[in-house]
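Residue-level structural notes
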Amino acid sequence: MRSALVIGTGLIGTSAALALVQRGVIVHLVDHDPEQARTAAALGAGTDEAPDGPVDLAIVAAPPAHVAGVLADAMRRGVARGYVDVASVKGGPRRELEALGLDLSVMSRYLGSHPMSGREKSGPLAATADLFEGRPWVLTPTRDTDTEVLNLALELVSHCRAVPVVMDADAHDRAVALVSHMPHLVSSMVAARLEHAAEAAVRLCGQGIRDVTRIAASDPRMWIDILSANPGPVADLLSDVAADLGETVEALRALQSSDEAKRREGTAGIEDVLRRGNAGQVRVPGKHGSAPHRYENVVVLIDDQPGQLARIFADAGRAGVNIEDVRIEHATGQQAGLVQLMVEPKAAPALKEALRERGWALRQ
Ligand SMILES: NC(=O)c1ccc[n+]([C@@H]2O[C@H](COP(=O)([O-])OP(=O)(O)OC[C@H]3O[C@@H](n4cnc5c(N)ncnc54)[C@H](O)[C@@H]3O)[C@@H](O)[C@H]2O)c1
Ligand SMILES: O=C(O)C(=O)C[C@]1(C(=O)O)C=C[C@@H](O)C=C1
């Protein structure tokens, strides 16, 4: 693949673009919010200039409810030889696209896909080139999918160092209901208990609750789209969880009883759910392939003024350093913030020197 067009330059689109750029692919970036595409370009994910002819692969990374419309528009304009989307649900977007009445020959250029990797954060600033490393990336070809398009999608997955998994779209949706969509709701429900909890209790939060609630920080609009496209399988699973919850509540109540036999029943009920949890947890596969990169942090003090981030990215680009991840901390009550630039350890000394030369104040 020589060229790609990423449509929707948020977390996933920009992460894929960064990985493709690292592998020498010319990447064009477009978003319905041009500021997002400009930011992605400033991060080194490609150019926000339009391609002057069809690219090899268009990657649609817009929210699920927009995917069919964006794909149909791009396919009608013939912007690429092949088209993939990365939406978290696969059956709905394909059916919506089919309903838009594209010719079969055009439809054969489309392949639905879904990288099983993400973050609770949105937007290009949360993107990283190694987001998909070692993670499953589902491809849902049909009998009509053009082989060239399947090969382009496999190349995308390989450039992102992910592991391709071929599945039927509806089987995919049932599987992700179990491993992603239902757990997301359960995480939100646990986190919701904290909303009005006493500060004295919340202050004690340790790693356990952080692990269980991390994904509850995700963008609700995105998740409304995802859950609306897969409500049946998620509802079925959540009703199984509700049954477990009911039995667990009963077991805990039995533990409060003064009757010893009842207390034994309660212990057995609790043990049952904990043991079944152990048995399920060991089935969670480890991350395949290589471990995620450990980046070095270069911390820069910035004034809270427009254009500061773009200037840092441009200075890093001039120094030939790829920024793999960025975090921004705003100092409370001050017109300043700390930007953490995460880079390959071997690139850190050159970046620090270049930034100092250009007058940036670095912090430990
Ligand atoms: N977040 C995750 O963990 C994750 C993981 C795998 C797949 N996905 C899927 O990837 C897609 C993108 O998710 P994200 O997390 O990157 O979201 P995001 O909010 O970070 O980015 C979405 C981008 O799409 C743009 N956009 C919205 N409507 C558009 C349109 N009509 N045309 C062009 N651009 C448009 C937005 O401006 C935004 O920049 C979704 O379909 C999602 O289901 C998300
Ligand atoms: O790890 C996260 O933060 C995610 O949100 C990742 C996650 C998941 O549930 O595994 C979320 C939705 C996507 O469709 C794929 C991946």
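Just so you know, the residues in each chain are numbered from 1, in the order the chain's sequence is written. Naming scheme: in the order in which they are written, chains are lettered from A and ligands are numbered from 1. Given that the model is predicted, a residue must reach a pLDDT of at least 70 before its local features are reported, and side-chain atom pairs must reach 80 or more before they are shown or counted; all residues, however, enter totals for whole chains, interfaces and linings.

With that settled, consider unusual backbone geometry. Even without being glycine, Arg-161 reaches a positive phi, approximately 55 degrees. Looking at the secondary structure, you find Arg-161 in the loop between α6 (147-159) and β7 (163-166). Starting at the N terminus, helices and strands are each numbered in turn, a helix being any DSSP run of H or I of at least four residues and a strand any DSSP run of E of at least two.

Bringing the site of ligand 2 into the picture now. In this analysis a residue is considered near a molecule or strand if the C-beta atom, reconstructed from its backbone, is found within 6 Å of that molecule or strand. The environment of ligand 2 is made up of Ser-88, Met-116, Ser-117, Gly-118, Arg-119, Glu-120, Ser-180, Ile-215 and Ser-218. Partitioning the shell around ligand 2 into residue classes produces two nonpolar, five polar and two charged. Ten residue types, Ala, Val, Leu, Ile, Met, Phe, Trp, Tyr, Cys and Pro, are classed as nonpolar, four, Asp, Glu, Lys and Arg, as charged, and the remainder, Gly among them, as polar.

pLDDT: the predictor's confidence for each residue, scored from 0 to 100. Averaged over all residues, the pLDDT of the protein chain equals 93, while 96% of them reach at least 70. Here residues 288-292 scores under 50 on pLDDT; set against residues more than four positions off or in separate chains, the count is ten contacts. Note on the complex model: pTM 0.82, ipTM 0.98. We call two residues in contact if the C-beta atoms placed from their backbones are at most 7 Å apart.

Let us look at the domain arrangement of the protein chain. Note that domain bounds follow an automatic or database assignment of domains. Domain boundaries assigned for the protein chain yield domain 1 (3-168), domain 2 (239-285) and domain 3 (296-363). On a C-alpha basis, the centroid separation for the pair domain 2 and domain 3 is 50 Å.

Let's shift gears to the sheet that holds β7. What makes two strands pair is DSSP finding at least two bridges between them. Spatially, β2-β1-β3-β4-β5-β6-β7 is the arrangement adopted by the seven strands of the open sheet, whose pairing is mixed. The open sheet terminates on both sides in strands that have one partner only, identified here as β2 (26-30) and β7. With direction set aside, neighbouring strand axes in the sheet form an average angle of 25 degrees. Examined bridge by bridge, strand β1 (residues 3-7) and β2 share five bridges and lie parallel to one another. Bridge pairing in β2 places Ser-3 opposite Ile-26. Here the axes come from fitting lines to C-alpha atoms, over the contacting stretch only for helices, and the angles between their N-to-C directions go from 0 to 180 degrees. Sheet strands touched by α6: β3 (55-60), β4 (80-85), β5 (110-115), β6 (136-140) and β7. Its angle to β4, the strand with the most contacts, is close to 60 degrees.

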